[in-house]
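Spelled out, the chains give:
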Amino acid sequence: QVQLVESGGGLVQPGGSLRLSCAASGSILSVSAMAWYRQAPGKQRELVARIIWNGNTNYADSVKGRFTISRDNTKNTVFLQMNSLKPEDTAVYYCNVDASTEVVITTTRYWGQGTQVTVSS
C-alpha cells in the first residue's frame, strides 16, 4: 500500500502564495508520475498540475504562469508552489501518485486525503 500525506493548505488573501507538499510512503518500487488535483464545492475534480518520471510537466490553463509543480525523487515528495492566488483557486487539493509497489506490481494510482485551500480577503 501507499500512503500520501499532504500539508501546506490554509487561508490566504488574494494575491498571496502557498506551498503544498505531498509525501508518498510505503513499499514503493517505482513512481511514474505525481500530480495535484482540486475540487471546488459543486464542481468536478480537475487536474491542476502533473509531473512525470522524466521531469516533464503539464498544467491546467487556469494556473499556468502562477503555479509550479516540482518533485523530490529521493523522498517521493511532490510540491505545488501557488502564487498570485485568486478566490477561484479555493478548493480541496488532492495529490496522487502512479506507483508500482512490492504488493501491487502493476502501476496503480493512489490518492491523498486532500488539503483545503481558501483564498479570501
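Anything mentioned here points back to the structure above.
Quick summary incoming for the structure in this document. Residue numbers run consecutively from 1 along every chain, following the written order of its sequence. The model is predicted, so local features are restricted to residues of pLDDT at least 70 and side-chain atom pairs to those at 80 or more, both for listing and for counting; the totals for chains, interfaces and linings are taken over all residues. Only hydrogens and water are removed before side-chain values are computed, so all heavy atoms of the structure are retained for them.

1. Some words on the sheet that holds strand β3 (residues 18-26)
We apply this condition: We call two strands paired when DSSP finds no fewer than two bridges between them. Runs of H or I in DSSP of at least four residues are treated as helices and runs of E of at least two as strands, each being numbered from the N terminus. Axis lines are fitted to C-alpha atoms, over the contacting stretch for helices. Their N-to-C directions set the angle, which ranges from 0 to 180 degrees.
Taken in spatial order, the four strands of this open sheet run β1-β3-β8-β7, and their pairing is antiparallel. Every other strand in the sheet has two partners, leaving β1 (2-7) and β7 (67-72) as the edge strands with one partner each. The average undirected angle you get between the axes of adjacent strands in this sheet is 15 degrees. Direction of pairing for β3 relative to strand β8 (residues 77-82): antiparallel, over a ladder of six bridges. Bridge pairing links Arg19 to Gln81 in β8.

2. Quick look at the pattern of salt bridges
Stated precisely, the cut-off is as follows: One side-chain nitrogen of Lys or Arg within 4 Å of one carboxyl oxygen of Asp or Glu is enough to make a salt bridge. Think of it in three bands: residues with accessible area under 20% of the maximum for their type are buried, residues over 50% are exposed, and the middle band is partly exposed, with areas taken using a 1.4 Å probe on protein chains only.
Under the definition given, this model contains six salt bridges. When the shortest N-O distance is used, the salt bridge between Asp98 and Arg50 registers 3.0 Å. In this pair, Asp98 is assigned in strand β9 (residues 91-101) and Arg50 in strand β5 (residues 46-52), connecting sequence segments 48 residues apart. According to the relative accessible area criterion, Arg50 is partly exposed, its value standing at 23%. Here Asp98 makes a salt bridge to Arg109, at a shortest N to O gap of 2.7 Å. With Asp98 in strand β9 and Arg109 in strand β10 (residues 108-111), the pair connects residues that are eleven residues apart, well separated along the chain. Take Asp98: its relative accessible area is 8%, and that puts it in the buried class. You can call Arg109 partly exposed: its relative accessible area is 36%.

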